[in-house]
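Structure at a glance
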Amino acid sequence: MHAPSIGAVVAGDLVYNQVHMMTAYTDATAREAWIAHLDTVAALNPRTVVSGHKRVGEPDSPDTIEQSKEYLRDFSRVAAEQDTAEGIVTEMLKFHGDRDNPYTLWLSARRTLANL
């Protein structure tokens, strides 16, 4: 939902804020489409972005759009380079180890490998 009069976007599951992203049901093509949708939200130039999944206490910053895009790009790259769930998780934690809910990362890594 976009509320232009107050410069806000309520992004739901599109934008994550310091939480591992649920990529379990995506492939590289779907993640690229996700990034394109994030670009659409960024083009609205919001001052406030309310994420559907966020760490308690984190601000509703528009920076989360770029952070989400970076996570998706990293996941696609790492998933293409690794052949085990442990490898995917280890590499992703190097880049995004400060995010909450690593269970989601494990689930996503396992599911991604199963779908190859």
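Our subject is the structure listed above.
Residues numbered from 1 in each chain as written. Predicted model: local features only at pLDDT ≥ 70, side-chain atom pairs only at ≥ 80, totals over all residues. Heavy atoms only, no water.

1. Notes on the packing of helix α2 (residues 63-81) against helix α3 (residues 85-96)
In a packed pair of helices, the relevant descriptors are the angle between the two axes and the axis-to-axis distance. Interaxial distance between α2 and α3 falls to 10 Å at its minimum, and their mutual angle equals 150°. Seen from above, α2 lies across α3 with right-handed handedness. Across the interface between the two elements, Glu-70, Tyr-71, Asp-74, Phe-75, Arg-77, Val-78 and Ala-79 of α2 pack against Gly-87, Ile-88, Glu-91, Met-92, Phe-95 and His-96 of α3. (Axes fitted to C-alpha atoms, helices over the stretch in contact; angles between N-to-C directions. Helix = DSSP H or I, 4+ residues; strand = E, 2+ residues; numbered from the N terminus. Left-handed = near helix turned anticlockwise from the far one by under 90°. Contact = heavy atoms within 4.5 Å.)

2. Let's talk about the pairing of strand β3 (residues 48-54)
Sheet analysis places strand β2 (residues 8-17) next to β3, joined by 6 bridges and oriented parallel. Residue pairing in the sheet places Ala-8 in a bridge with Thr-48 of β3. Each parallel crossover has a hand, and for β2 linked through helix α1 (residues 28-42) to β3 it is right-handed. (Pairing = 2+ DSSP bridges. Right-handed = clockwise from strand over helix to strand, strands pointing away.)

3. Digging into unusual backbone geometry
Unusually for a residue other than glycine, Gln-18 sits at a positive phi of about 65°. As for its placement among the helices and strands, Gln-18 is situated in the loop between β2 and α1. Taking the relative accessible area as the measure of exposure, Gln-18 reaches 13% and is therefore buried. A positive phi angle, close to 65°, is found at Asn-101, a residue other than glycine. Inspection of the secondary structure assignment puts Asn-101 in the loop between α3 and α4 (102-114). (Buried < 20%, exposed > 50% of the residue type's maximum accessible area, 1.4 Å probe, protein only.)

4. Section: the environment of Arg-55
Position of Arg-55 among the secondary structure elements: in the loop between β3 and α2. Each C-alpha atom, one on Arg-55 and one on Gln-18, is 5.6 Å from the other, the two residues being 37 residues apart in sequence. Excluding its chain neighbours within four sequence positions, the residues that come into contact with Arg-55 are Asn-17, Gln-18, Val-19, Asp-98, Arg-99 and Asp-100.

All we've got here are geometric facts, nothing functional implied.
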